[in-house]
Amino acid sequence: MAAVTGERLKSELEMFDIPCRDDSVLDKMVEQCICNRIQADEMVLEWVAYSTTKNGLKLTTDTLEQFEHEVLNKKNKPKPSFRKEETHNRTRDIHSLQELIKAEEEEENLLDSYSTPAKGSQKRALTTPEHPHSKRSVALLASPGLLLSPASFSPSSTPSQKYSQRGAKGEVVVTFGAVQGTRWAGRKALGAGVQLELLEGPEDSLTCSYKYMFQRLRDVRNVLTEKIEELGEGLKSHFNIEEFSPVSLPAQDCVTVLGQVCCDSNGKLNAQSVLLEAGPEQGGQQVPVDLSELKEYSLFPGQVVVLEGMNTTGRKLMASKLYEGVPLPFYTPEEKMELDEEPMNVLVACGPYTPSDSLTFDPLLDLINVIVRDRPDVCLLLGPFVDSKHEQIEKAQVTETFEAIFSRCIESIVDGTKSVDCRLVFVPSQRDIHHHFIYPQPPFVLPNLSKDQAQRVTLVPDPCTLLIDGVTFGLTSTDILFHMGAEEISCGTGSDRFSRILKHMLTQRSYYPLYPPVEEVNMDYEKFQSFGQMPLTPDVLIIPSELRYFVKDVAGCVCVNPGRLTKGQVGGTYGRLLIQHKATSEDGKRASPCLAAQVVKI
C-alpha cells in the first residue's frame, strides 16, 4: 500500500474543487487513512459522498471526526459469518440434529488428539455427571418408549419449573349444587354402558372435512337474512306482535321493528353508534337507534332484536322498549327412559396441555392420573392439544411434525385411561396447529386407533351438541365469552357480564352469535348455518375461556367454564360434574340433571 501524504490528499481534494488550507485537517485525514487502511483517493471519494448527503458539509477537524464515527468505523466492522448463524438457526428434524451433534463430537475428539496431555485431560474432565456433554445430546438420548417424552418434541425441553412448584394442587375453587358428601367417582360397574352420540345423528352433523376459503358475500347475506327472519318469527309468536314495520319508514305512531344490531363504524360498539339493520322483508335499510329512553339493555353486534319506538323522520329510531329473545325448549326423549340409580361422573378439561415455557406434557400426565384415580364415566377433552400460540411452536423449535406430536398425545390419553374404561370425547380447537383452521371445525381424524380403542373414543366437531344418557351437552372450544365480552354494551341490567353473554347465546340460539366475528375466527357461513346453531337449549353448556372459571345456572341451563389446564407457565383448572337424568321434579317442573359441579386446580 503506497504511503498516504498530505500533498497527495490535497491534490485529490483539488480535483473535486474542495479547498483545504488548514494543515491540521490534512494531518487528521492522513491519520484516518492509516488507521482505516485506505488510500488517499478512496478517502476523498468517501468524504465527497458523505458531505453531499449532508448538504455540502465544510471540511474541518470536527466534521472529520463526525465522518469517522458515522462512516469509517462502520465500514471496518468485521462482517458476521451469516452461513454459520443460518445453519444453527435453521429448523432441523431429529436426524439432522443427531448428525450435527456427531460432527461436533468428532471435531472435539480431533482437537483432543492435537492438544497437550494437560489440556486434553482438562477437556475430558468437563464431561462428568456434574458437567454433562450438552443439553442437546442429553435430550436426544431420552428413551423412545416414553410416549410423551418432551425430548422427542423439542431440542431444548426443560420441564417447567413454575408448573412443578405450583401450590394448591387439587383445591376446589368453584362449587355448584349439593356438593356436601358427594362421591366424585364413576359408577361402580366397570364399563357400565354409557350411551353417547351426537344429538343430530351422523347424517345431520359435521363428520368430515370440507372445502373452504371460497365464500360469496351474497351467501353470507342470505345466511344472516334467514337468521333475522327465523328469530323474528319466534319473537313474533311469543310476544303476539301483529307485524313488523320497515325500519326507515317515517311514522307518527309507535312502531315495532325487527333487525340485527350493528355498529356505524369499524370501531367498538357504544350507545351512540348503534344501528339497526333490517332484513329484505322490512326494507333492508339501516337506521341509527337512540337508546336514551331504555332503562335497561344489553346489546352486541350481530344480535337479532325487536324494538318498539318512534321514527318520525325515518332517519332515527327513538327506542322505548326492547323485546328479549326466547330460548329453545329443552330435550325431551321420545321414549321414557329408565332412571339411573347412580349418577354419572363427567370430567371436563380444556387445553393447552403444556406450560407456555416448555413442550413437556406434565399437566396432561397429571390429568391422566386424576382420571385413573376418580374413574369418571365420560371425559370431555377440548383442544388445543398442539397449541399454535405456544412459544416453541411459533418459533418452529420442534423436532417432529405437529401431527406426530398430536397422535402421540392422544395415544397417551387412550392408553393411560385403559384401566378406567371411560368414554373419551375429543373436541378440536382453532388453535390446534395441525388441524383445519375453520369454524365450524370438522372432527379430528385418528386412523391409527385400534378397534378396542376406537370403541371408547368419540371424535366430534366444534361446536356440537351431544346426547349422553338422555342428557344434552353443548360443547364449543372457541372462546366466545372473551370475544363477546369485548363487544357487548349494557345499561342497568343488574346481572353479571358472563350471565348476560350466556343468555344471549341461548336466546340467539347459536354457538357463535357475534357478527362480524373477531379476526382470529375464520367463519364459513353456509356450514355455520347448518352446524353452528343450537338445535335446542342444552342441559349443560361447556364453554371454556381465558376468562375466570365458573359454573352458573342460566335460564335452566348449567353453563360451565372449566378454565384451561395450564395458564401460562403455571397449572390451571379442570371441571367435574355429577349428572343424573330426571323426568320431572315433584311440582311438575323440569329438574336440572346436573346434581353438582366443581372446578378443581390440577
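Up top is the structure these notes are about.
About the criteria used
Residues numbered from 1 in each chain as written. Predicted model: local features only at pLDDT ≥ 70, side-chain atom pairs only at ≥ 80, totals over all residues. Heavy atoms only, no water. Pairing = 2+ DSSP bridges. Helix = DSSP H or I, 4+ residues; strand = E, 2+ residues; numbered from the N terminus. Axes fitted to C-alpha atoms, helices over the stretch in contact; angles between N-to-C directions. Contact = heavy atoms within 4.5 Å. Buried < 20%, exposed > 50% of the residue type's maximum accessible area, 1.4 Å probe, protein only. Arc of directions from axis to C-beta. Core = buried A, V, L, I, M, F, W, Y, C linked by side-chain atoms within 4.5 Å.

Q: Can you help me understand the sheet that holds strand 9 (residues 344-350) in this one?
A: Two strands in a sheet stick together by hydrogen bonds in their backbones, pointing the same way (parallel) or opposite ways (antiparallel). Strands sit in the order 1-22-21-9-10-11-12 across an open sheet of seven strands; the sheet is mixed. Each having just a single partner strand, strand 1 (172-177) and strand 12 (457-459) make up the two edges of the open sheet. Averaged over all pairs of adjacent strands, the angle between their axes in this sheet comes to 15°, without regard to strand direction. As paired elements, strand 10 (residues 378-382) and strand 11 (residues 423-427) share five bridges and run parallel to each other. Each residue of the ladder has a partner; that of Cys 379, found in strand 11, is Leu 424. Against the sheet, helix 11 (residues 362-374) contacts strand 9, strand 10 and strand 21 (573-579), and its axis sits at roughly 25° relative to strand 21. In the packing of helix 13 (residues 402-416) onto the sheet, contacts are made with strand 10, strand 11 and strand 12, and the angle to strand 11 comes to roughly 160°.

Q: Looking at this model, I keep getting lost on the pairing of strand 17 (residues 550-554). Mind explaining?
A: Here is the key point about a regular strand: its side chains alternate between the two faces of the sheet. Across five bridges, the pairing between strand 17 and strand 18 (residues 557-561) is antiparallel. Bridge pairing in strand 18 links Val 551 to Val 560. Hairpin connection, strand 17 to strand 18: the antiparallel pair is bridged by two residues, and Ala 555 has positive phi, about 55°.

Q: Help me understand helix 1 (residues 6-15), please; the structure alone is not making it clear to me.
A: Residues spaced three or four apart along an α-helix face the same direction, because each turn holds 3.6 residues. Buried within helix 1 are the following residues: Leu 9, Glu 12 and Leu 13. Buried residues of helix 1 fall within an arc of 100° about the axis and therefore sit on the same side. Exposed and oriented more than 90 degrees from the buried face of helix 1 are Glu 7, Glu 14 and Met 15. The inward-facing, buried residues of helix 1 contact helix 2 (23-36) and helix 3 (40-53). Asp 17 sits one or two residues past helix 1 and shows a positive phi near 60°.

Q: It is not clear to me how the nonpolar core should be interpreted in this structure. Could you clarify?
A: The tendency in soluble globular proteins is for nonpolar side chains to be buried as a group. Counting residues in each nonpolar core, the largest one holds 35 residues, and the members touching the most others are Tyr 353, Leu 367, Leu 381, Phe 385, Ile 413, Phe 426 and Tyr 574. Listing elements by their share of this core, those giving two or more residues are strand 9, helix 11, strand 10, helix 13 and strand 11. Ranked by size, the runner-up nonpolar core spans 32 residues in total, among them Cys 350, Val 427, Val 471 and Val 540.

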